[in-house]
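Geometric and topological summary
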Amino acid sequence: MIRPLEGLRVVQLGRGTGGGYCAKLFAQFGAEVVIVDAACSPLADMPATRVAYQEWLDTNKRHLEHSYGSEAWPTAVEALLGDADLIVDTRATQPGASSENLIGADLSAAVCTLSWFGQDGPRRNWAGADLVVRSMAGLIHLSGPKEGPPTSIADFQVEVMAGVTAFTASLAACRAGERARVDVSVHEVAITFSEYQYAQALAMGPAVRLGINRYRPTFPVGVYPCRNGWIGVTVITPAQWIACCELLDMPERWRDPRYLINTERMDEADEIEQALIERLQARDAGEWFDLARRHRLPWVLVPRMRDILESRVFERRAALETISGEHGTFKAPAAPFGLGVADPAAVAQTASRKSCVSGFRPRSTASASGLVAATRPKSPLEGLRIVDLSMGWAGPLATRQLADLGAEIIKIEACQYPDWWRGHDPRPEFYSDKRYEKSPWFNAMNRNKRGVTLDLSSSSGAELLKRLVRDADAVVENYAPDVLPKLGLGYETLREVSPGLVMLSMPAFSSDSDWADVRAYGSTLEQAAGLPWLAGGADQPPIMNHLAYGDANGGLNGAAALLLALLEKRRTGEGRHIDLSQVEAMLPLAAHGIITASLTGEEPERIANGHPWHAPWGMFECAGDDGWVAICVETDAQWQCLRRVMGIADDPRFELARGRCAHRKELAIAIGGWTKRHDAETAAEMLQAAGVPAGRSVAPLELAEDVHLIERGFWQPAERAFSGMHLQASAPFRFQSEPISVRTSAPTLGQDNEWVLSTLAGLDGQEMERLESEGVIGTAVIPPHQRRKSSRQAAADQTETRKAK
């Protein structure tokens, strides 16, 4: 039985999705969670699938038995809040929720508040919705048809991501001690996902929408029809393009060396795509998947929702939980952290009015004393040391979140195999000019860390890693499952060095899965979770939501899982190996589709940007070049406000959500007639003034000029060698209302070798000189054509080159 949060008392104020998912995770791992809901929007009149989705959020929680407005309600709420260790306040993201101030300054509990745009800045009082904040965060603008509209899943995305982020920040708040106050901006959580494309635009210039499943600079990345089924294709590196050409027997012209560069392939995307589609028709998707695995290509089956429900891979991992709800029993995603829970296949309990309480249970022997700090440290995770072996986006984002919270992160690369986010380029000038030090996306993900180089394939490098691990609290890695064990650096070996070690591994499909060998990028993770089937219309192919949707999501979940395990270790003294399947971490973003398929037996309807339960909801064209505004009406009151602003006649067919959903096309025509007369910014401001959630769809590069973000101090200036002065995005959570500072820029390769290896590993100058001469450490990337030489010879070549210069 794994209940690392047993004894922790949590109050959930309101039932917004983000805070609800945050509190669900606390309940899943043993905390006692009581919901206090003063909303005026009961679920009784909601569709069965909407009720089931709320039941999924409410599993293993209980309700306060007293109704809002009753004589006993104020006293009961005051008592609950006074007894809580943590309060998760999600009312600001829930239409119709009470805004009554319930949290006094004298409360000793930690408090995590979720809001759409943060608690200060010019948009702090704007109405929000999932689609609105993603549009305003630059997360949708580059997806969908070239001519528009920008296309994405309508709902249930960034709020779930915000819930994971709030969970991490809340765990850190508990560690920080009493009266910690945490603010989470859902809008800024969304920017965590568009941050890469913002950095990309800095290096390559402003981006435009290129068409369905087209994202620069990588091609091909998409979802393609086969003889039967659909295959998710990703090709990034030169070796992968060679393997793709061999597998598909591509024409000789595409085997020209210049197409080893992904940007060159992008220039010929239409012709290459046609060749791909023609060849993929020769086999079933399952056959291509098996062949791609043999060729070590990151291709994957793209399941529909019923395929997920019937998947043996997910079944064996207990990736879905069974919930007994008001409208029947259904399956939904379980907690994806790879820690295990008590009997995960058991029927989960939902927080219905049948599970009402007047207060918390009496304190048991398992109190929260091992989790909540007695004194407040300088920063929430001060004193934690984490060795970071990860590369790319997911792992480095996980450790960046913990670094932002105060943990000491030691990032380890090798001169022979540096972090691949520094760039892929076989041309000599890439190395001679050190262009690998100029990658904006690498710089964004690796701030507040120390940088070290170690050739782990050498005995000296492996031994030095063990020395660093000896005094570390945790290790993070996202290698293929067989890499570290082959180097003699698997978890069992490292645990002998550090018995209480926590290690986070981040494979696509868990190391004990039948598909453990599947290569994956962020695009692969989205494809494998079936998310492209939840975007777009019935007449469109499956539409990806992002170039690498799974990477940032994996990073957020990785940070949460690691911190949860570290808090468990704080209580028990025992470490553990976390096997986090990043595909399983994507399933909560598909929860509404999975629940619908499970409850009804049918695939969810594809309504482009439309919502299954609310209307109007979507992207509407405005005046100006590629101008679009997201408009999301969740309540009947919001509809009346929108109708008055736009001058739409009162019509009984549109009075209730059920009627509006039945007449989506008519509403779209009427609304489009109004939006096309206004530019997107003006349209959004007019609607927001009336209380209607609306926001302009922005390109990622525009975020640096966002007045709201600037006034909130979201963009922080930082300086770095090779990069100069640049802007860093703040963490999407704040403690005591202040942005978390960017203490240091991303390290250059091997920047902290001397300090780390002398101070933490005990080496002297002579030993470090020897290691550098042998190529075990260094400060320059060894080009691929030199990696065939011994480490010693390659290092000697580098030394001679430096002398010649």
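As shown above, the structure is provided for reference.
Residues numbered from 1 in each chain as written. Predicted model: local features only at pLDDT ≥ 70, side-chain atom pairs only at ≥ 80, totals over all residues. Heavy atoms only, no water.

Here we take up the pairing of strand E10 (residues 320-325). Of all six residues in E10, five are buried; the element is thus mostly enclosed. Bridging between E10 and strand E11 (residues 328-333) involves six bridges; their strand directions are antiparallel. Considered in E11, the bridge of threonine 322 is made with lysine 331. (Buried < 20%, exposed > 50% of the residue type's maximum accessible area, 1.4 Å probe, protein only. Helix = DSSP H or I, 4+ residues; strand = E, 2+ residues; numbered from the N terminus. Pairing = 2+ DSSP bridges.)

Turning next to the pairing of strand E2 (residues 32-36). Buried residues dominate E2, accounting for five of its five residues. Covered by surrounding structure in E2 are Glu32, Val34 and Val36 together with Val33 and Ile35, the residues of both alternating faces. Where strand E1 (residues 9-13) and E2 come together, five bridges link them in parallel fashion. Bridging from a neighbouring strand, glutamine 12 pairs with isoleucine 35 of E2. Handedness of the crossover joining E1 and E2 through helix H1 (residues 17-28) is recorded here as right-handed. In terms of strand pairing, E2 meets strand E3 (residues 62-64) through two bridges, oriented parallel. The partner of valine 34 across the bridge, within E3, is arginine 62. (Right-handed = clockwise from strand over helix to strand, strands pointing away.)

For the rest of this paragraph, the subject is the packing of helix H23 (residues 636-646) against helix H25 (residues 664-675). Between H23 and H25, whose axes approach to 10 Å, the crossing angle comes to 50 degrees. Judged on the interaxial angle alone, H25 and H23 are oblique. You can see that H23 and H25 cross each other, and the crossing is left-handed. Contacts between H23 and H25 involve Trp639, Leu642, Val645 and Met646 from the first element and Leu667, Ile671, Trp674 and Thr675 from the second. A class-by-class count of the residues in the contact of H23 with H25 yields seven nonpolar, one polar and no charged. (Axes fitted to C-alpha atoms, helices over the stretch in contact; angles between N-to-C directions. Parallel < 35°, antiparallel > 145°, perpendicular 65-115°, else oblique. Left-handed = near helix turned anticlockwise from the far one by under 90°. Contact = heavy atoms within 4.5 Å. Nonpolar A, V, L, I, M, F, W, Y, C, P; charged D, E, K, R; others polar.)

We now examine the packing of aromatic side chains. Tallied over the entire structure, the rule returns 24 aromatic pairs. Aromatic rings pair up to connect Tyr21, Tyr53, Trp56, Phe156 and Trp613 into one cluster. Between the NZ or CZ atom of arginine 253 and the centre of the ring of tryptophan 254, over which it lies, the distance is 3.9 Å. (Phe/Tyr/Trp six-rings, centres within 6.5 Å; stacked < 30°, edge-to-face > 60°. Lys NZ or Arg CZ within 6 Å of the ring centre and 35° of its normal.)

Moving on to the environment of proline 47. Note on placement: proline 47 falls in the loop between E2 and helix H2 (48-57). Proline 47 sits 349 residues away from proline 396 along the chain, and the two C-alpha atoms are 41 Å apart.

The full count for this structure, using the stated rule, is 49 salt bridges. Between glutamate 287 and arginine 283 there is a salt bridge; the shortest N-O distance is 3.7 Å. For the salt bridge of lysine 449 with aspartate 388, the shortest nitrogen-to-oxygen distance reads 3.6 Å. Separated by 61 residues along the polypeptide, lysine 449 in the loop between helix H15 (440-445) and strand E16 (450-453) and aspartate 388 in strand E14 (residues 385-388) bring together distant segments of the chain. (Salt bridge = Lys/Arg side-chain N within 4 Å of Asp/Glu carboxyl O.)

In this model, H25 (12 residues) spans 16 Å end to end at C-alpha, consistent with the 16 Å of a helix rising 1.5 Å per residue. Packing partners of the buried residues in H25 comprise strand E20 (617-621), strand E21 (628-632), H23, helix H24 (657-662) and helix H26 (680-689). (Expected span 1.5 Å × (residues − 1).)

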